[in-house]
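Coordinate inspection notes
Here is how the chains run, residue by residue.
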Amino acid sequence: MAEPQGWIDCHDPFGRDRSMTVLVENDRVLLVAPPGESAVMSVTQTRRLRRLLDQAADRM
């Protein structure tokens, strides 16, 4: 079962609040984006995503 690593607040192209989730499952990192949509992130949100992905990779 996938273990949540964290999430990042973001927006869709229409400015609606959304989030992306980072999960760790065995030796894989899963990035769950808004269903059927694009995620628009600020520089700060992008840096947070990078940190979460690094942390997830370190756990493997």
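Details of the structure are given in the entry above.
To start, this report covers the structure provided alongside it. Since we're looking at a predicted model, the values are computed, not measured. Per-chain numbering applies: the sequence of each chain, read as written, is numbered from 1 onward. Reporting of local features is limited, given that this is a predicted model, to residues whose pLDDT is at least 70; pairs of side-chain atoms are given and counted only at 80 or more, and all residues count toward the totals for whole chains, interfaces and linings. Hydrogens are left out, water is left out, and the side-chain values use all remaining heavy atoms of the structure.

On to the nonpolar core, then. By nonpolar core is meant a set of buried Ala, Val, Leu, Ile, Met, Phe, Trp, Tyr and Cys residues that side-chain atoms within 4.5 Å join together. Throughout this description, buried means an accessible area under 20% of the type-specific maximum (1.4 Å probe, protein chains only), exposed means over 50%, and partly exposed covers the range between. Core analysis: the largest hydrophobic core is formed by six residues, namely Ile 8, Val 22, Val 24, Leu 49, Leu 52 and Ala 56. Starting at the N terminus, helices and strands are each numbered in turn, a helix being any DSSP run of H or I of at least four residues and a strand any DSSP run of E of at least two. Among the elements of the structure, strand S2 (17-25) and helix H1 (43-58) are those that each provide at least two residues to this core. Contacts are assigned to residue pairs with any non-hydrogen atoms lying within 4.5 Å of each other. Once residues within four sequence positions are removed from consideration, Val 24 is found in contact with Met 1, Ala 2, Glu 3, Gln 5, Leu 30, Ala 56 and Met 60.

Here we take up the side chain of Gln 45. With respect to the element layout, Gln 45 can be found in helix H1. Overall, Gln 45 belongs to the buried group, its relative accessible area being 16%. We call two N or O atoms a polar contact when they sit within 3.5 Å, provided that within protein one can donate a hydrogen and the other can accept it, with sequence-adjacent residues counted only if both atoms are side-chain atoms. Here Asp 9 takes part through its backbone oxygen, which lies 2.7 Å from a polar atom of the side chain of Gln 45. When sequence neighbours within four positions are dropped, the list of residues in contact with Gln 45 reads Ile 8, Asp 9, Cys 10 and Val 40.

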